[in-house]
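Below are the chains, spelled out letter by letter.
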Amino acid sequence: MSTKNKILIALVVVVLGITGKYVYDRHINHNFMTITEGKVYKSGVIPPDEIADYVKKYKIKSIVDLRFPGTGDDVNNPEVPAELTAEKEAVAKIPGVNYFNNGSDQVPKQENLDSFFKIMDNQDNYPVLIHCYHGIGRAQMYSALYRIEYEGFSNEEARSKAAFPVMFSSFDDGKPKGEYLKAYKSRKQKAIENK
């Protein structure tokens, strides 16, 4: 076999590997990811008939759904009311699991942060699954905020873990989510500044 053919085969294998991981993560695994083992997880939409399996496997006690319908944004916020209702009903059938809807834009508003922190401040709610539609925008944003507020991550550490690679993602320099995380001040920082 020639060197040219070996290189071509290697490239095909790499492309298939990347494509396969994308398909698995996006469509089979629902972009599920551990943020902090045994404490916080994030994902995209998990079909209602699969939620109980994730709850059981990861001992999830609370689900924070960041979706809200009617945005008119079919790319970033393609939610429809029936999907939210189906999830809420599926979760209601699982004993001991809380469902919180905290519909958020890609960059959080203060009322969303207040609701999120109220949920996350209550230790009885853990382990928590945070999810949005795709699992790569709002769920990543709130996971980064969790890391800053509850795990002492610096803004840059949290931003660098929000997307890989950060460069060219929605968390990159100059992008609204990236700039928001860079400028974000934790509740602890605000309390110190206000003294």
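None of the values given here were measured: they were computed from a predicted structure.

Asks: Help me get a handle on the side chain of Asp-172, residues and values and all.
Replies: Within the secondary structure layout, Asp-172 lies in the loop between α6 (155-162) and α7 (176-183). Among buried charged residues, Asp-172 stands out as having no salt bridge; its nearest opposite-charge side chain is Arg-159, 4.7 Å away. Of the polar contacts made by the side chain of Asp-172, one reaches the backbone nitrogen of Phe-168; its length is 2.8 Å. In contact with Asp-172, other than residues within four places in its own chain, are Arg-159, Val-166, Met-167, Gly-178 and Glu-179.

Asks: Lay out the nonpolar core with the relevant residues and their values.
Replies: Formed by 28 residues in total, the largest nonpolar core has its most connected members in Phe-116, Met-120, Ile-130 and Leu-181. Among the elements of the structure, α4 (110-121), β5 (128-131), α5 (138-151), α6 and α7 are those that each provide at least two residues to this core. Top element by residues in this core is α5. It accounts for seven residues. Those residues in contact with Met-120 that sit more than four places away from it in its chain are Val-40, Tyr-126, Val-128, Ile-130, Tyr-146 and Tyr-150. The next biggest cluster of nonpolar side chains, apart from the first, holds 15 residues, and it includes Tyr-54, Val-55, Ile-60 and Val-91.

Asks: Account for the confidence of the model for the protein chain, naming residues and giving values.
Replies: Of all residues in the protein chain, 83% have pLDDT values of 70 or greater, and the mean over the chain is 86. Predicted confidence is poor over residues 15-27, with pLDDT under 50, and the contacts of this stretch with residues over four places away or in other chains come to nine contacts.

Asks: Explain the packing of aromatic side chains to me, and be specific about the residues and the numbers.
Replies: Evaluated as defined, the whole model comprises ten aromatic pairs. An angle of 45° between the planes, with centres 5.1 Å apart, marks the rings of Phe-32 and Tyr-54 as tilted. Placement of the pair is Phe-32 in the loop between α1 (3-28) and β1 (33-36) and Tyr-54 in helix α2 (residues 48-58), with a sequence separation of 22 residues. Look at Phe-32 and you get buried, because its relative accessible area is 10%. A ring pair is formed by Phe-116 and Phe-117, whose centres lie 5.8 Å apart and whose planes are at 55°; its orientation type is tilted. The class of Phe-116 is buried, set by a relative accessible area of 0%. On the accessibility criterion, Phe-117 (5% relative accessible area) is buried. Aromatic ring contacts, followed pair by pair, group Phe-116, Phe-117, Tyr-142, Tyr-146 and Tyr-150 into a single cluster. The aromatic ring of Phe-117 is capped on one face by Arg-187, whose charged end is 4.3 Å from the ring centroid.

Conventions and cut-offs
- Residues numbered from 1 in each chain as written.
- Predicted model: local features only at pLDDT ≥ 70, side-chain atom pairs only at ≥ 80, totals over all residues.
- Heavy atoms only, no water.
- Helix = DSSP H or I, 4+ residues; strand = E, 2+ residues; numbered from the N terminus.
- Buried < 20%, exposed > 50% of the residue type's maximum accessible area, 1.4 Å probe, protein only.
- Lys, Arg positive; Asp, Glu negative; His and termini not counted.
- Salt bridge = Lys/Arg side-chain N within 4 Å of Asp/Glu carboxyl O.
- Polar contact = N/O pair within 3.5 Å; in protein donor to acceptor, adjacent residues only side chain to side chain.
- Contact = heavy atoms within 4.5 Å.
- Core = buried A, V, L, I, M, F, W, Y, C linked by side-chain atoms within 4.5 Å.
- pLDDT = per-residue confidence, 0-100.
- Phe/Tyr/Trp six-rings, centres within 6.5 Å; stacked < 30°, edge-to-face > 60°.
- Lys NZ or Arg CZ within 6 Å of the ring centre and 35° of its normal.

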